[in-house]
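Descriptive analysis of the structure
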Amino acid sequence: MKKQKIFDFLDDEKIANKIIDFNHKNITTVRFLIPSIHCSSCVFILESLSKSHQNIFDSTVDFCSKQIWITFNNTEFKLSDIAKLLDNIGYGPSVDFESIENTNHNSNDRKLIGKLAISFFCFGNIMLLAIPEYVGAQQDIWFMENRNFFRYLMLILSLPVVTFSFYDHIKYAVLGLKKHVLNMNVPISIGILVLFLWSCYEIFFDLGSGYFDSLSSFSLFLLISRIFQIHTHNKIQSFDKNYKSCYPVLITKVHSTKNEREEKILLSSLKKGDLILIRNEEIIPVDSILMKGNAVLDNSFITGESYLINKKMGERIYAGSKQKGEAIIIKVIKNVDHSYLSLLWNKNKSNQYRHKKLFYLNSITTRFSQYFTPIVLVISIITGVYWSFSNDVSKIFQTVFSVLIVTCPCALVLSTPLIFGNIIRFFSKKGLYIKDIYTMERISSSETLIFDKTGTITDPNKEKIYFVGNMKNEEKKIIASLLKNSSHPLSQRILSELSIKDFYFVKNFREIIGKGLEGIIQNIPVKIGSPKYLGITKRTNEINQTTVFISINNKFVGYFLFRNYYRKGIEKMFQDLKKYKIIILSGDHNELEKKYLKSFLPKSSKVFFNQSPENKLDYVKKLQDKGEKIIMFGDGINDCAALNQSEVGIAVSENPTGFFPSCDAFMQSNCLNKIFLFLKVSRISKKLVFINFMISLFYNSVGIFFAVTGNLKPFIAAILMPLSSFSVIFFSIISTWIVSRKFIF
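Points about the overall build of the protein
Assigned secondary structure in the protein consists of 26 helices and 26 strands. Within the protein, buried positions represent 57% of all 745 residues. When contacts within the protein are restricted to residue pairs at least 6 apart in sequence, those whose partners lie at least 24 apart make up 68%. Summing over all exposed atoms, the protein offers an accessible surface of approximately 33700 Å²; the carbon and sulfur share of this is 57%.

Structure, rendered in structure tokens:
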């Protein structure tokens, strides 16, 4: 039986359901654990699958957890075909479902520890066997008669070292070259192969003892460095998983489909069998079954396709689907998977525009990594050519291999995620939850701040609501029944004020972002929203406060009037931010409110009222065309388009009920007055990354200088190489700890 037939069992429906995250018509998304992912070139190769296979729509890799999500055409590919494809390119998936569900891959850790033990044994014995020649035993007759025993034993002991190196480096260097990727494994592989082959040549022709000591020490310290890096990545992964699973995301739980008594619970508290209420524009956080209501789902977060899918009662709904329409009740059938939710958040297709932008920091690390390997290879070749004129072959090998061994960009690769990752963790303790380190880079580089007003810089909990008009108890129940389906802050505030517990069923529910909502209740058309949306023009220009108008059975009933209260410390916050360009974009039309707002804003600030969601989006685009980098703060619902377009979109909310507002970060509303502190620390963290970059660059420059001039032996270079990673990691941990103590705690 061929090796790849082991994947055929994946086509069994029961087994496939364990690793399939989405399946509808011809589109399937599957998740595999790929233990052999170990560097950035692996990620590049795996995420390029869609370019070489037209029936693979998308592939996304989580480097820390070594998982890949592949979205493919299931009419052309079976699940086993995808597994075989991955195996053919050298990234065979694990078929151990227990390890898929548990990202703490202890088996892989044990393998590394085993390799370390064997490498240390070989290194120690090779060094013992090499000692006689180090101390001048060539003058001893007995040693010279038995020298081949020592040398061939060193050769035998080096074989496990070379085997491990082949599996860990040479294999991936070849895979990278096949995909036209010149990764760091290339110079490492060249150094190992040539060092081993030349050492064999010296022994076979009795020219010397070779460089087995340098080879074994290089392999040992490279393995130590790799284990240390993996441990560091695991710490980052553990933090990433833990802090994202603690997002203060609230889900509306109901106790039965008949008695829809609502209770707000944390997303992490959801269990199998729970019933939850999903309103319009809310993301379904977990695999479930439809129990009540008309589910109209947008799966663009999962597939990238923006068509709507209708679901019948009892049908399965996948995590990541967004409800478009009336509120529905669903039953949880699978535990919450925060890694999958985080992946979907990062996969938001509409964010690709700004992810392609290279800011200063990102361009440094990207270009450095891109050109590092070619430069190292060129320097090693020039060094070899230069020393070839000395007619000392041993000197040529010493200098060339020292250059290849001592240089290592790993420290820089670890620097950015370590520093920004630590800062993100510190921020999360203070109420700011940031998607990833790339968002941190953009925050540290942005200088224009845009704020929405209602629900962002105003406090809806302190707003007083007045109803102008005549409203009967029956009309209250009708209005509440419609508002119940909306997650907009004003809708939820009015619903809370009405204090209605029993609701009518709503037909043909529709919500137009930024305008209003409508539906049919008890065969009566009901509309709630702006006066323009309801077609009301008389006397509305005289109202200078936030309003929500009501129409029942095509008759104007009245309107809710809101008195705005700004959040605590808002005036000081804006004064602290006076060095930034501040802009207020609001849908309000209250001129008196506009004047009051200007009174405590910095003089250079701009305030624009009567702004629709489209107006906000257009304004953000206009500023971006001028080269401005924007951070926008909004409620995540009305402002979703503008938040999406901004370099950084931050959703500010009291009680978040949707896991995926269209944003790059989420901020608890009571932390809004800490914006200046967050921005200041993000800029400091950017400087720390740059300092780390300079440390790494200085280390590599000094190492190359001593290697090129012949003052650095391969053995010493092998010991010095991991010290670069240790120094950068040490600086990252200590510096971010000091910053957190000084500014955050």
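There's more to say after this.
Some remarks on the side chain of aspartate 664
As for its placement among the helices and strands, aspartate 664 is situated in the loop between β25 (648-653) and β26 (665-668). Exposure remark for aspartate 664: the relative accessible area of 0% places this residue in the buried category. A polar contact of 3.5 Å, which involves the side chain of aspartate 664, links it to the side chain of arginine 442.

Notes on the environment of valine 286
Position of valine 286 relative to the elements: it lies in the loop between β7 (275-278) and β8 (288-292). Put simply, valine 286 and aspartate 337 are 51 residues apart on the chain and 7.3 Å apart in space, counted from C-alpha to C-alpha. Look past the residues within four positions of valine 286 in its chain and what remains in contact with it is Leu270, Ile317, Ala319, Val332, Lys334, Asn335 and Val336.

Here we look at the packing of aromatic side chains
Going through the model one piece at a time under the given rule, you end up with 20 aromatic pairs. The interplanar angle of 85° and the centroid separation of 5.8 Å between the aromatic rings of phenylalanine 149 and phenylalanine 150 together place this pair among those described as edge-to-face. Residue phenylalanine 149 is classed as exposed on the basis of its relative accessible area, which comes to 56%. Ring geometry for phenylalanine 608 against tyrosine 619: centres 5.1 Å apart, planes inclined by 50°, an arrangement best described as tilted. Of this pair, phenylalanine 608 sits in strand β23 (residues 606-608) while tyrosine 619 sits in helix α23 (residues 613-625), and the two are 11 residues apart along the sequence. On the basis of relative accessible area, tyrosine 619 is assigned to the buried category, the value being 14%.

Remarks on unusual backbone geometry
A positive phi angle is found at glutamate 281, which is not glycine, with a value near 70°. Note on placement: glutamate 281 falls in the loop between β7 and β8. Taking the relative accessible area as the measure of exposure, glutamate 281 reaches 24% and is therefore partly exposed. In this structure, asparagine 610 takes a positive phi of about 60° despite not being glycine. For asparagine 610, the position within the fold is in the loop between β23 and α23. We classify asparagine 610 as partly exposed; its relative accessible area is 46%.

Digging into the confidence of the model for the protein
For the protein, the mean per-residue pLDDT works out to 80, and 82% of the residues sit at or above 70. Confidence over residues 99-105 falls short of pLDDT 50; this stretch has 13 contacts with residues more than four positions distant or in other chains. Segment residues 349-363 is flagged for pLDDT under 50; beyond a separation of four residues in sequence, or across chains, it makes 33 contacts in the model.

Comments concerning the sheet that holds strand β22 (residues 581-585)
Strand order in the open sheet formed by seven strands is β14-β26-β25-β24-β15-β22-β23, and the pairing between neighbours is mixed. The two strands at the open ends of the sheet, each matched to only one other strand, are β14 (432-434) and β23. Averaged over all pairs of adjacent strands, the angle between their axes in this sheet comes to 20°, without regard to strand direction. With four bridges joining them, strand β24 (residues 630-634) and β25 adopt parallel strand pairing. In the strand pairing of β25, glycine 634 is matched with alanine 651.

Here's the deal with empty space enclosed by the protein
According to the stated counting rule, one finds four cavities of 30 Å³ or more in the structure shown. Lining the second largest cavity, in full, are Phe427, Leu432, Ile443, Ile631, Phe633, Ile650, Met667, Ile675, Phe678 and Leu679. Listed by contribution, the elements that provide at least two residues to the lining of the second largest cavity are β24 and α25 (675-708). It is α25 that contributes the most residues to the lining of the second largest cavity, three residues altogether.

Thoughts on the packing of helix α15 (residues 393-406) against α25
At a closest axis distance of 8 Å, the pairing of α15 and α25 adopts a crossing angle of 170°. As far as their axial angle goes, α25 and α15 are roughly antiparallel. Only Tyr699, Asn700, Gly703, Ile704, Ala707 and Val708 of α25 make contact with α15, whose side of the interface consists of Thr399, Ser402, Val403 and Val406. Residue composition of the contact of α15 with α25, grouped by class: six nonpolar, four polar and no charged.

Some remarks on the sheet that holds strand β13 (residues 328-332)
The strand order across the open sheet formed by six strands is β6-β5-β7-β13-β8-β11, and the pairing between neighbours is antiparallel. Bordering the open sheet on either side are β6 (262-266) and β11 (316-317), each of which pairs with just one other strand. Strand direction decides the pairing type here: β7 and β13, joined by four bridges, are antiparallel. Within the sheet, the bridge partner assigned to isoleucine 276 lies in β13 and is isoleucine 330.

Description of helix α19 (residues 489-498)
Within the span of α19, buried status applies to Leu490, Ser491, Arg493, Ile494, Leu495 and Leu498. Serine 499 lies just past α19 and shows a positive phi near 55°.

So, the nonpolar core
Residues Phe451, Phe574 and Met667 are the most contacted members of the largest nonpolar core, which totals 44 residues. By size, the runner-up hydrophobic cluster in this structure holds 36 residues, among which are Ile126, Ala130, Phe372 and Ile405.

Overview of the pattern of salt bridges
What the rule picks out here adds up to 17 salt bridges. Residue lysine 78 is joined to aspartate 11 by a salt bridge in which the shortest nitrogen-to-oxygen separation is 3.9 Å. Pair noted here: lysine 78 is in the loop between β4 (67-73) and α4 (79-88) and aspartate 11 is in the segment before α1 (13-19), with a separation of 67 residues, a long-range link. We classify lysine 78 as partly exposed; its relative accessible area is 48%. Between glutamate 497 and arginine 493 there is a salt bridge, with the nearest N and O atoms lying 3.4 Å from each other. Placement of the pair is glutamate 497 and arginine 493 together in helix α19, with a separation of four residues, close to one helical turn. Each member of the salt-bridge network shares a partner with another, and the members are Arg147, Arg151 and Asp206.

Quick notes on the packing of helix α8 (residues 147-178) against helix α9 (residues 185-204)
The N-to-C vectors of α8 and α9 enclose an angle of 150°; their axes lie 9 Å apart at closest approach. Judged by the angle between their axes, α8 and α9 are roughly antiparallel. Here α8 and α9 pass one another in a crossing that is left-handed. Residue composition of the contact of α8 with α9, by class: 16 nonpolar, five polar and two charged.

Some points on the pairing of strand β19 (residues 524-529)
In this sheet, β19 lies alongside strand β18 (residues 516-521) in antiparallel orientation, the contact comprising six bridges. Residue pairing across strands places glutamate 518 opposite lysine 527, the latter belonging to β19. Hairpin connection, β18 to β19: the antiparallel pair is bridged by two residues, and glutamine 522 has positive phi, about 55°. Examined bridge by bridge, β19 and strand β20 (residues 546-552) share four bridges and lie antiparallel to one another. Bridge pairing in β20 places glycine 529 opposite phenylalanine 549.

Things to note about the pairing of β24
Counting buried residues in β24 gives five out of five residues, a clear majority hidden from the surface. Pairing of strand β15 (residues 448-451) with β24, which is carried by four bridges, proceeds in the parallel orientation. Bridge pairing in β24 links isoleucine 450 to methionine 632.

Calculation criteria
For every chain, the first residue of its written sequence is number 1, and the numbers climb from 1 along that sequence. Reporting of local features is limited, given that this is a predicted model, to residues whose pLDDT is at least 70; pairs of side-chain atoms are given and counted only at 80 or more, and all residues count toward the totals for whole chains, interfaces and linings. Excluding hydrogens and water, the side-chain figures rest on all heavy atoms present in the structure. The secondary structure listing takes helices from DSSP runs of H or I that are at least 4 residues long and strands from runs of E that are at least 2 residues long, numbered from the N terminus. Burial status follows relative accessibility: with a 1.4 Å probe on protein chains alone, a residue under 20% of its type maximum counts as buried, one over 50% as exposed, and anything between as partly exposed. Residue contacts are counted whenever heavy atoms from the two residues lie within 4.5 Å of one another. With residues, only the protein chains shown are counted as cover, and all accessible areas are computed by Shrake-Rupley using a 1.4 Å probe. We define a polar contact as two N or O atoms separated by no more than 3.5 Å, with the added condition that, inside protein, one atom must be a possible hydrogen donor and the other a possible acceptor, whereas residues neighbouring each other in sequence contribute only through side-chain atom pairs. Only centres within 6.5 Å qualify two rings of Phe, Tyr or Trp (six-membered ring in Trp) as a pair; their planes then separate them into stacked at under 30 degrees, edge-to-face at over 60, and tilted for everything else. A score between 0 and 100, pLDDT records how confident the predictor is in each residue. Two strands are said to pair when DSSP picks up at least two bridges between them. Only the stretch in contact is used when fitting a helix axis, every axis being a line fitted to C-alpha atoms; angles between N-to-C directions are given from 0 to 180 degrees. Only protein atoms enter the 1 Å grid used here, on which a cavity is any set of points holding a 1.4 Å probe that cannot leave and a pocket is any open set flanked by protein within 12 Å on both sides along at least five of seven lines; residues with an atom within 4 Å of a point are listed as lining. Grid points are joined across faces, edges and corners, and a volume is the space filled by probe spheres set on the points. When describing relative orientation, an angle under 35 degrees is termed roughly parallel and one over 145 degrees roughly antiparallel, while 65 to 115 degrees is termed roughly perpendicular and anything else oblique. Note that Gly is not counted as nonpolar here; it falls among the polar residues with everything else outside the nonpolar set of Ala, Val, Leu, Ile, Met, Phe, Trp, Tyr, Cys and Pro and the charged set of Asp, Glu, Lys and Arg. Residues enter a nonpolar core if they are buried and are Ala, Val, Leu, Ile, Met, Phe, Trp, Tyr or Cys, with the set joined through side-chain atoms within 4.5 Å. Each reported salt bridge corresponds to a side-chain nitrogen of Lys or Arg within 4 Å of a carboxyl oxygen of Asp or Glu. In a left-handed crossing the near helix is turned counterclockwise from the far helix by less than a right angle, and in a right-handed crossing that turn is clockwise.

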